[in-house]
Amino acid sequence: MALEKTNAIVLRVIDYSETSCIVTLMTRDHGKITAMAKGARRPKSPFEAALDVLSVCRIVFLKKRSGAMDLLTEARLERRFRAGASSLERLYAGYYVAELLNLLTDDADPHPELFDIAIETIDQIDSVKTKTNNTSSIDETILDFELMALFCLGHLPLLTQCVGCGKEKTTLSRVSFGMNSGGILCQQCRPGKRNVISLTSTGFAFLLDRTRQKKYLSHPFENDPSADSVQEPMTTDCNNRPESSSFAARDLTTASDPISVEDPVPEVRSLLRNYISHLIGYQPRLQKFLNNSGRRTAASKI
Ligand SMILES: [Zn+2]
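Residues numbered from 1 in each chain as written. Predicted model: local features only at pLDDT ≥ 70, side-chain atom pairs only at ≥ 80, totals over all residues. Heavy atoms only, no water.

It is worth spelling out the coordination of the zinc ion at this point. When a metal holds four donors in a tetrahedron, each ideal angle between them is 109.5 degrees; when it holds six in an octahedron, the ideal angles are 90 or 180 degrees. Here the zinc ion is held by the protein donor atoms C162 (SG), C165 (SG), C186 (SG) and C189 (SG), which lie 2.3 Å from it. Because the angles between the four donor atoms bound to the zinc ion fall within 104 to 113°, the donor set is best described as tetrahedral. Each donor residue of the zinc ion belongs to the same chain, with the gaps between them written as C-x2-C-x20-C-x2-C. Of the two residues, C165 sits in the loop between α3 (135-152) and β6 (175-178) while C186 sits in the loop between β7 (183-185) and β8 (196-199), which places them 21 residues apart along the sequence. C186 gets classed as buried once you look at its relative accessible area, which sits at 1%. (Donors = N, O, S within 2.8 Å, 3.2 Å for Na, K, Ca; no water. Tetrahedral: all angles 85-135°; square planar, octahedral: opposite > 155°, others 65-115°. Helix = DSSP H or I, 4+ residues; strand = E, 2+ residues; numbered from the N terminus. Buried < 20%, exposed > 50% of the residue type's maximum accessible area, 1.4 Å probe, protein only.)

The subject of this paragraph is the packing of aromatic side chains. All chains considered together, the criterion is met by two aromatic pairs. Summarising the aromatic geometry, the rings of F177 and Y275 are spaced 5.7 Å apart at their centres and angled 90° between planes, so their arrangement reads as edge-to-face. Residue F177 is located in strand β6, and its partner Y275 is located in helix α6 (residues 264-280); the two are separated by 98 residues in the primary sequence. Residue Y275 is classed as buried on the basis of its relative accessible area of 5%. (Phe/Tyr/Trp six-rings, centres within 6.5 Å; stacked < 30°, edge-to-face > 60°.)

The next point concerns helix α1 (residues 88-104). When the terminal C-alpha atoms of α1 are compared, their 24 Å separation across 17 residues agrees well with the 24 Å that a helix rising 1.5 Å per residue should span. Of the positions making up α1, those classed as buried are R90, L91, A93, G94, Y96, V97, A98, E99, L100, L101 and L104. (Expected span 1.5 Å × (residues − 1).)

Across the sheet, which stays open at both edges, the three strands sit in the order β7-β6-β8 with antiparallel pairing between neighbours. In this open sheet, the two strands that pair with only one neighbour each are β7 and β8. Across the sheet, the axes of successive neighbouring strands diverge by a mean angle of 40°, strand direction being ignored. Pairing of β6 with β7, which is carried by three bridges, proceeds in the antiparallel orientation. By the bridge assignment, G178 is partnered in β7 with G183. Sitting on the sheet, helix α4 (residues 201-213) touches β6, β7 and β8, and the angle it makes with β8 is about 95°. Of the strands in this sheet, β6 and β8 touch α6, which is tilted by about 165° from β8. (Pairing = 2+ DSSP bridges. Axes fitted to C-alpha atoms, helices over the stretch in contact; angles between N-to-C directions. Contact = heavy atoms within 4.5 Å.)

Our focus in this paragraph is the packing of α1 against helix α2 (residues 112-127). The interhelical angle for the contact between α1 and α2, taken along N-to-C directions, is 170°, at an axis separation of 9 Å. Looking at the two axes, α1 sits roughly antiparallel to α2. Every residue of α2 that contacts α1 at R90, A93, G94, V97 and L101 is listed here: L114, A118, T121, I122, I125 and D126. Here the residues of the contact of α1 with α2 are counted per class, giving seven nonpolar, two polar and two charged. (Parallel < 35°, antiparallel > 145°, perpendicular 65-115°, else oblique. Nonpolar A, V, L, I, M, F, W, Y, C, P; charged D, E, K, R; others polar.)

What follows covers the sheet that holds strand β4 (residues 56-63). Pairing in this closed barrel of five strands is mixed, and the strands run β1-β2-β3-β5-β4 around the ring. For this sheet, the mean angle separating the axes of adjacent strands, direction not counted, is 50°. The sheet contacts of α1 involve β1 (2-15), β2 (21-27) and β3 (31-37), and relative to β1 the element is tilted by about 115°.

Here we take up the environment of F115. For F115, the location among the structural elements is in helix α2. For the pair F115 and N7, spaced 108 residues apart in sequence, the C-alpha separation works out to 9.3 Å. F115 has contacts with N7, A8, I9, M26, T27 and R28, leaving out every residue within four places of it along the chain.

A word on the pairing of β4. Of the strand pairs in this sheet, β1 and β4 are connected by eight bridges, and their pairing is antiparallel. Considered in β4, the bridge of I9 is made with V56. Here β4 pairs with strand β5 (residues 70-79) via seven bridges, running antiparallel. When the sheet's bridge partners are listed, I59 is paired in β5 with A75. Where β4 folds back onto β5 in an antiparallel hairpin, the turn is made up of six residues, including S66, whose phi is positive at roughly 40°.

For the rest of this paragraph, the subject is the nonpolar core. Grouped together as the largest cluster of nonpolar side chains are 51 residues, with contacts concentrated most on I9, L101, F145 and F204. Of all the secondary structure elements, the ones that give two or more residues to this core are β1, α1, α2, α3, β6, α4 and α6. Take this core: its biggest share by element is nine residues, from α3. Of the domains in this structure, domain 1 (2-79) and domain 2 (175-261) are the two that each give at least three residues to this core. Excluding residues within four positions of it along the chain, L101 makes contact with I9, L11, M26, K32, L114, A118 and F145. (Core = buried A, V, L, I, M, F, W, Y, C linked by side-chain atoms within 4.5 Å. Domains from an automatic or database assignment.)

Here you go:
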């Protein structure tokens, strides 16, 4: 047994007995751990008020061997998540971050970068200025967190080339996104695939831009002002089929589609929600509480 000190985010607290709790924590140095907090429910608890969901604390725990539950010996509160008390929407957003950390990571598998991003995200949700319509900023904060979590854990979908054959995509035209395949599909690879979602050109451009901003991938469309109107190699085959020009024509049509001038955030969030549910194998519980209130989705117009 070894005594370990690290920073942690409280993900889950379950009452175990009249005086003790079982706590799931995302730690910076040891990944996700589940520990017994003896005496945590007593009025004069050694953990004070540090063990609330989304609290950030400095902890000391006794690391047990071979599958036995760790023992939390100290937890000093560094930062409390306060926004939940004033806004249900922010409460759900914060709890969703905790749920994703819990579902997407394995025990004792540290991801310090993801830990730091989670702290930053919780801080952003907590500090969004109170105003009548702050939905968009929370939506985008969550969207960025989802992308970063997927990136840190090696699940970011392939967006710059076909996941089936590797053909590079060089335009921002509408694409087919394969949930099972884990990325975009060209027209040759699309047939026969299940769980495929069609993403508008605006949604695709937004998703790429968001990933580029976070420096997840190099952007093949950068510095190419004609990219939107050129013929798309990914949608043509190697035999120069005569109908290949129609792909370019269709792309231009798509670009002027009224759907493409919609706010892309709901569409991209919907895509990522589906993708994450697909990865986990079921829908995270908090997802249905996150709404896109006040925002029209592209899907609703189809
Ligand atoms: Zn392909």
